[in-house]
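Below, each chain spelled out in residue letters.
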Amino acid sequence: MEQDQVLILDFGSQYTQLIARRVRELNIYCEIHPFNHPPKELENFKAVILSGSPNSVRGTTVLHPDLSEIRGKKPLLAVCYGAQYLAHFSGGKVAPSNTREYGRANLSFIKSDEIFFQKISEGSQVWMSHSDTIKDLPTNGVLLASTKDVENAAYKIDGEDTFAIQFHPEVYHSKDGKQLLANFLVTIAKVAQTWTPDSFVESTVAAIKEKVGNDKVVLGLSGGVDSTVAAVLLHKAIGKNLYCIFVNNGLLRKNEFESVLTQYEGMGLNVKGVDASQRFLDKLAGISDPEGKRKAIGSTFIDVFDDEAHHIQDVKWLAQGTIYPDVIESVSVNGGPSATIKSHHNVGGLPDYMKLQIVEPLRMIFKDEVRRVGASMGIDPELLGRHPFPGPGLGIRILGDITAEKVRILQEVDAIFINGLKEDGLYDKVWQAGAMLLPVNSVGVMGDERTYEKVVALRAVESTDGMTADWVDLPYKFLQKTSNKIINQVKGVNRVVYDISSKPPATIEWE
Ligand code: XMP
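In this report, the structure presented in the accompanying data block is examined. Keep in mind it's a predicted model, so treat the numbers as computed, not measured.

## Considering the pattern of salt bridges
Here's step 1: For the structure on display, the rule yields 26 salt bridges.
Here's step 2: In this structure, the salt-bridge partner of Glu 25 is Arg 22, at a minimum N-O distance of 2.8 Å. On the criterion of helical spacing, the pair formed by Glu 25 and Arg 22 is a turn pair, its members being 3 residues apart in helix α1 (residues 16-25).
Here's step 3: Judged by its relative accessible area of 27%, Glu 25 falls in the partly exposed class.
Here's step 4: For Glu 291, the salt bridge goes to Arg 294, with nearest N and O atoms at 3.3 Å. Here Glu 291 and its partner Arg 294 are both found in helix α8 (residues 290-310), 3 residues apart, which amounts to about one turn of the helix.
Here's step 5: Assessed through its relative accessible area of 44%, Glu 291 is described here as partly exposed.
Here's step 6: On the basis of relative accessible area, Arg 294 is assigned to the partly exposed category, the value being 27%.

Written out as structure tokens, the structure is:
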């Protein structure tokens, strides 16, 4: 790759991915590597950032990388634990802090003319989160800034492009954090800001062409953002040699299979739609345990996909829409130097006998970058802005066993809810929304008649990555209108409730 690159050495901080995202926002390409598994080709990286860590330099679990190939040889920015690490092992002193060092603080410059602080004003708010503090700077350390409670809040090493900060520039509460990263990376380290969606598309298309050549590639489309963007990228590179398979598991949203298939065809993709609804329903018959349903759906998907892939002669590659957070090797917080590597298979793991090589064009980019790349390739913004939808689809939103009639009811309810959100301009304010069909009947009255019908729960959440979520305070008027529509229009439902639980302790899905 011809891009300038930045290396982030991870010591297990919860904020490491945020550092990478801020750097990418500066149109600079960066990679996260565990501190104990640095990349072999260090010469490819123009600058290095050391992350924070939940560990202490004084603790028994010593995260102690050899920086001899980095320090003094490349511009280095050490954040939080990184700053303490530099101090502790280079003649300084780190000790437990006496005062609270968590939350907002304000910078007082000791060296205000430092290029490191250009375009940042005295008093700038920063975010602190640490329990140790740097008592003495390392050898040749020069103090650059303090806060009220933290004397050694920022320092540099004389004669080196080595900078260290106790606060977290990657967190939004550090108001000038991105400017500080720009000062270090662009002004001091002279890293070129050439990482853009267009440059990504160009280099990825070239890389796919080289990797795959004239081979055939098969890809499972889900209707979601990641698989769609991956498909369009591959299509740009290899055209008709990309064989897309879009499976209807019968658990998609109302009319989704037909409309998304038409959209894919309109994009020029070589796509085959396979309606396997009945096969999935048959496999699911009588299963009410959530994990049992997930397994049945996953294994049926593999069977269907496998059958279809066998119809393609000489296919050599399987493409997946894996994205960077699924790939990053995470440093084990509790363990010693071992790095745990997450394995991730978007299609649930294909049988070994398929012997396909894997191509993952999005494996180095974050979700927001996937959307930007999709937009730069002209993919419909509505498709790119689609809420996340679970692989097992409505199968895990129908509590208990699944029947064709229950799917029909939930598809109708879901369509009224989602279309209503769109009509009232609420869809883009919500991270994910959907309806659950509960396994209970309740008594109601319609006209003069007593009814005994299904209850549905509506759920809408705000989130950034699905790991935590808050329920959305949808307007009462909207809920009232939606409830009326559902009860009047969907046969078999006589009661609607709204889920006001956050994650944790609840989850987004009910199963
Ligand atoms: P939970 O319910 O765990 O959901 O709070 C977090 C996010 O993950 C999605 N989800 C799934 N996605 N297969 C998927 O592909 C699944 O089995 C699955 N379960 C939950 C959920 O929709 C939410 O976005």
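## Digging into the packing of helix α4 (residues 197-212) against helix α5 (residues 225-238)
Here's step 1: In contact at an axis separation of 8 Å, α4 and α5 are set at 60° when each is read in the N-to-C sense. In terms of their interaxial angle, α4 and α5 are classed as oblique. The chirality of how α4 crosses α5 is right-handed. Across the interface between the two elements, Phe 200, Val 201, Thr 204, Val 205, Ile 208, Lys 209 and Val 212 from α4 touch Leu 233, Leu 234, Lys 236, Ala 237 and Ile 238 from α5.
Here's step 2: Counted by class, the contact of α4 with α5 contains 9 nonpolar, 1 polar and 2 charged residues.

## Structural notes on the site of the ligand
Here's step 1: As a structural note, the neighbourhood of the ligand is formed by Arg 294, Pro 390, Gly 391, Pro 392, Ile 396, Trp 431, Gln 432, Gly 466, Lys 503, Thr 507, Ile 508 and Glu 509.
Here's step 2: Measuring from an oxygen atom of the ligand, one finds a side-chain N or O atom of Arg 294 at 2.6 Å.
Here's step 3: Within the contact set of the ligand, an oxygen atom lies 2.5 Å away from a side-chain nitrogen or oxygen of Glu 509.
Here's step 4: Coverage of the ligand by the protein chains reaches 68% of its 490 Å² of free accessible surface.

## So, the packing of aromatic side chains
Here's step 1: Counted according to the given criterion, the structure contains 18 aromatic pairs.
Here's step 2: A ring pair is formed by Phe 116 and Phe 117, whose centres lie 5.4 Å apart and whose planes are at 50°; its orientation type is tilted. By the burial criterion, Phe 116 is buried, and Phe 117 matches it.
Here's step 3: Here the aromatic rings of Phe 116 and Phe 163 are separated by 4.6 Å at their centres, their planes lie at 25°, and the arrangement is stacked. Of the two residues, Phe 116 sits in the loop between β7 (108-109) and β8 (125-129) while Phe 163 sits in strand β12 (residues 162-165), which places them 47 residues apart along the sequence. With respect to class, Phe 116 is no different from Phe 163; both count as buried.
Here's step 4: Here the aromatic residues Phe 11, Phe 35, Tyr 81, Tyr 85 and Phe 89 are joined through ring pairs into a cluster of three or more.
Here's step 5: Over the face of the ring belonging to Tyr 172 we find Arg 22, whose NZ or CZ atom lies 3.9 Å from the ring centre.
Here's step 6: Sitting over the face of the ring of Tyr 427, Lys 422 holds its NZ or CZ atom 4.9 Å from the ring centroid.

## Focus on the sheet that holds strand β10 (residues 141-146)
Here's step 1: An order of β2-β1-β3-β4-β12-β11-β10-β7 is seen for the 8 strands of this open sheet, with the pairing classed as mixed. Each edge of the open sheet carries a strand with a single partner, namely β2 (29-34) and β7.
Here's step 2: Across 3 bridges, the pairing between strand β3 (residues 45-50) and strand β4 (residues 76-79) is parallel. Within the sheet, the bridge partner assigned to Leu 50 lies in β4 and is Ala 78.
Here's step 3: Across the sheet, helix α2 (residues 81-88) is in contact with β3, β4, β11 (154-157) and β12; its angle to β4 comes to roughly 105°.
Here's step 4: Against the sheet, helix α3 (residues 177-188) contacts β1 (5-10), β3, β4 and β12, and its axis sits at roughly 150° relative to β3.

## Some points on unusual backbone geometry
Here's step 1: Note that the residue after Lys 503, namely Pro 504, is joined by a cis bond; omega there is -15°.
Here's step 2: As for its position among the elements, Pro 504 is in the segment after β23 (493-498).
Here's step 3: With an omega of 10°, the peptide bond between Pro 504 and Pro 505 qualifies as cis.
Here's step 4: Tracing the sequence through the fold places Pro 505 in the segment after β23.
Here's step 5: The backbone of Cys 80 shows a phi angle near 55°, a positive value even though the residue is not glycine.
Here's step 6: The residue Cys 80 is located in the loop between β4 and α2 in this model.
Here's step 7: Phi is positive for Asn 255, close to 60°, though the residue is something other than glycine.
Here's step 8: Counting through the fold element by element, Asn 255 comes out in the loop between β14 (242-248) and α6 (256-266).

## Observations regarding the side chain of Ser 90
Here's step 1: Position of Ser 90 relative to the elements: it lies in the loop between α2 and β5 (93-96).
Here's step 2: Overall, the relative accessible area of 19% leaves Ser 90 in the buried class.
Here's step 3: When near neighbours in sequence (up to four residues on either side) are disregarded, Ser 90 contacts Arg 71, Pro 138 and Thr 139.

## Thoughts on α2
Here's step 1: Most of α2 sits out of view: 7 of its 8 residues are buried.
Here's step 2: What α2 keeps buried is the set Tyr 81, Gly 82, Ala 83, Gln 84, Tyr 85, Leu 86 and Ala 87.
Here's step 3: Those residues of α2 that are buried lie in contact with β3, β4, β5, β9 (132-136), β11 and β12.

Reading guide: rules and limits
Residues numbered from 1 in each chain as written. Predicted model: local features only at pLDDT ≥ 70, side-chain atom pairs only at ≥ 80, totals over all residues. Heavy atoms only, no water. Salt bridge = Lys/Arg side-chain N within 4 Å of Asp/Glu carboxyl O. Helix = DSSP H or I, 4+ residues; strand = E, 2+ residues; numbered from the N terminus. Buried < 20%, exposed > 50% of the residue type's maximum accessible area, 1.4 Å probe, protein only. Axes fitted to C-alpha atoms, helices over the stretch in contact; angles between N-to-C directions. Parallel < 35°, antiparallel > 145°, perpendicular 65-115°, else oblique. Left-handed = near helix turned anticlockwise from the far one by under 90°. Contact = heavy atoms within 4.5 Å. Nonpolar A, V, L, I, M, F, W, Y, C, P; charged D, E, K, R; others polar. Near = heavy atom within 4 Å. Polar contact = N/O pair within 3.5 Å; in protein donor to acceptor, adjacent residues only side chain to side chain. Areas by Shrake-Rupley, 256 points an atom, 1.4 Å probe, with all protein chains shown as cover. Phe/Tyr/Trp six-rings, centres within 6.5 Å; stacked < 30°, edge-to-face > 60°. Lys NZ or Arg CZ within 6 Å of the ring centre and 35° of its normal. Pairing = 2+ DSSP bridges.

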